[in-house]
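Report on the structure
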Amino acid sequence: MSEKYLKNYENNEIVCVQGAAVDRFYILRRGKVGIYVNAEATTPPQYTILSHGRKVAEIDELGAILGEGGLFLGFRTASIVALAPITVIEHIMASPESIARLIAAQPQMGVTLCRSLALHLRSQSGEIRHLFGAIAKMTTIQKRMAMAYVRAINQIKKCITLNESTLLILNDCQNNEIYRQGVSLQHEESETQAFFNHEIARKRAGDLQLAPGTVLCHYGEVGRCMYLVRSGTLDVRIGEESIATVEAGEFAGEMALLLKETPYRTAEIRAKTESRVAIIAQEDFLKTIESHPQLLVRIGRQLARRIYLTNRLACKHDGDVSDDLRVLDTTIAEFERLRDLVSGNDEPSLRAVIKELKELINSAREARIPAPDAPVHEKPRVAEFRKLLEGTDWH
């Protein structure tokens, strides 16, 4: 499942680099580390991490979990640098899919990893919540475009004559990052829906139909359940400010269950459109994840993605969002390429494809508006793995 080793690093030695592939996570046993985010490069050269990266946290608590976000996303969301001589326990994973197998075998470890992410995200809400609206908008449009990209390519292949030139274009489209992301998101969505369609899950979770404007939970109240949006869109608000949207296949209210010592809602959630949500009560949460630990993988991935995007935006200087704009511009260019490929075709199903491509291109251009800069937040101290260390033999 995973191998564990004790390893020492010297002062200023790099533990891992932002953007790199993930094959391990860490538990701090001694010393202090810094977490650095570089907004200008996806994978920065090692010599620029300290000089050009923004230090978003210092962590020195025994048992703190390091690098947990990358486990769920498949790449390092930040660089970790030793700020003093340190000792860590390295959990080496056999493959990127190992996190799902690890959580399936040890659901409590999955809960601990998700709690670490939830604590981190909660620490952001007070300091940089003004960025959440921009993050939600960017995340939503990127996800919608990636899944629509896959649908469009599949529909085009069914409806037009595939000559050599067209086939080359479509094959090229299927080999880019947008298509791979879209396939992955569709797979995630189908797995989540399959979980809630399972007989055991249906017995544990109820469905709630919401009219637009209906308040699902209020800021500050005790959270006794979490929600999965089965259809429609929810609006997450602090006061009069909309800070995020939650769409079909995504979760809301999970932080109150993960942070059960302080289970207060950090925002108000209301239905933005006609919506249907599945409910998991607090008392059923642990039983549910024991029988369906893949739920924790989905929750962890959603939390890690929000933390990653927030960190990237928070560390930008003078509103510089050039890297994120390049991603959107690349996506827009690929959409325009598909649109031009099928323009003028009278096939009814392709007219619908063209319409959706045009609408998403316009939405993506609106999402290009740079978000404001924000204060740096600290990563919370998490020492829950201490009890997991007791009685363990390390290589």
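Everything in this summary refers to the structure shown in the same document. (Residues numbered from 1 in each chain as written. Predicted model: local features only at pLDDT ≥ 70, side-chain atom pairs only at ≥ 80, totals over all residues. Heavy atoms only, no water.)

Regarding the overall build of the protein chain
Note the following rule: Secondary structure elements are taken from DSSP: a helix is a run of H or I of four residues or more, a strand is a run of E of two residues or more, and numbering for both begins at the N terminus. Remark: exposure states derive from per-residue accessible area (1.4 Å probe, protein chains only) relative to the maximum for the residue type, with buried under 20%, exposed over 50%, and partly exposed in between. We call two residues contacting when some pair of their heavy atoms lies within 4.5 Å. Only the protein chains shown count as cover for residues, with accessible areas throughout obtained via the Shrake-Rupley method and a probe of 1.4 Å.
From N to C terminus, the protein chain includes 14 helices and 16 strands. Classification of the 395 residues of the protein chain by burial places 52% in the buried group. The contacts of the protein chain with a sequence gap of at least 6 include a subset with a gap of at least 24, amounting to 84%. Surface summary for the protein chain: the accessible area is close to 17700 Å², and the carbon and sulfur share equals 50%.

Points about the environment of V183
In this structure, V183 sits in helix α7 (residues 177-197). The class for V183 is partly exposed, based on a relative accessible area of 37%. Sequence separation between V183 and R151 is 32 residues; the distance between their C-alpha atoms is 9.5 Å.

Section: the sheet that holds strand β2 (residues 14-16)
Convention followed: For two strands to pair, DSSP has to find at least two bridges joining them. Axis definition: a line fitted to C-alpha atoms, over the contacting stretch in the case of helices. Angles run 0 to 180 degrees between N-to-C directions.
Across the sheet, four strands lie side by side as β2-β7-β4-β5; this open sheet has antiparallel pairing. Across the chains shown, the open sheet's two edge strands, defined by having one partner strand only, are β2 and β5 (54-59). Along the sheet, successive strands turn relative to each other by an average axial angle of 30°, direction set aside.

Re unusual backbone geometry
For N12, which is not glycine, the phi dihedral falls at a positive 70°. Structurally, N12 is set in the loop between β1 (2-9) and β2. N12 sits in the partly exposed class, given a relative accessible area of 45%.

Concerning the nonpolar core
Keep this limit in mind: What is meant by a nonpolar core is a set of buried Ala, Val, Leu, Ile, Met, Phe, Trp, Tyr and Cys residues, joined one to another through side-chain atoms within 4.5 Å.
Within the largest apolar cluster, 38 residues are counted, with the highest numbers of intra-cluster contacts made by F25, L71, F72, L113, I299 and L303. Setting aside its immediate chain neighbours within four residues, I299 contacts C114, M226, F251, E254, L258 and F285. Counting residues in hydrophobic clusters, the runner-up holds 27 residues, among them Y149, L170, I354 and A364.

As for the side chain of E268
Heads up, the condition is: As used in this structure description, the phrase polar contact means that two N or O atoms lie within 3.5 Å; if the pair is within protein, one of them must be able to donate a hydrogen and the other to accept it, and residues adjacent in sequence are counted only when both atoms belong to side chains.
With respect to the secondary-structure elements, E268 resides in strand β15 (residues 268-271). A distance of 2.5 Å separates a polar atom in the side chain of E268 from a polar atom in the side chain of R270. Setting aside chain neighbours within four positions, we find E268 in contact with V215, C217, H218, Y219, D235, V236 and R237.

Considering the pairing of strand β8 (residues 86-93)
Extensive coverage of β8 is indicated by the burial of seven of its eight residues. Bridging between strand β3 (residues 24-30) and β8 involves six bridges; their strand directions are antiparallel. Bridge pairing in β8 links Y26 to E90.

Concerning helix α10 (residues 282-291)
Along an α-helix, residues three or four apart share an orientation, since each turn contains 3.6 residues. The following threshold applies: By construction, the arc corresponds to the directions joining the helix axis to the C-beta atoms.
Among all positions of α10, only D284, F285, T288 and I289 are buried. Down the axis of α10, the sector holding all buried residues measures 130°, keeping them to one side. Of the residues in α10, the exposed ones pointing more than 90 degrees away from the buried face are E283 and E290.

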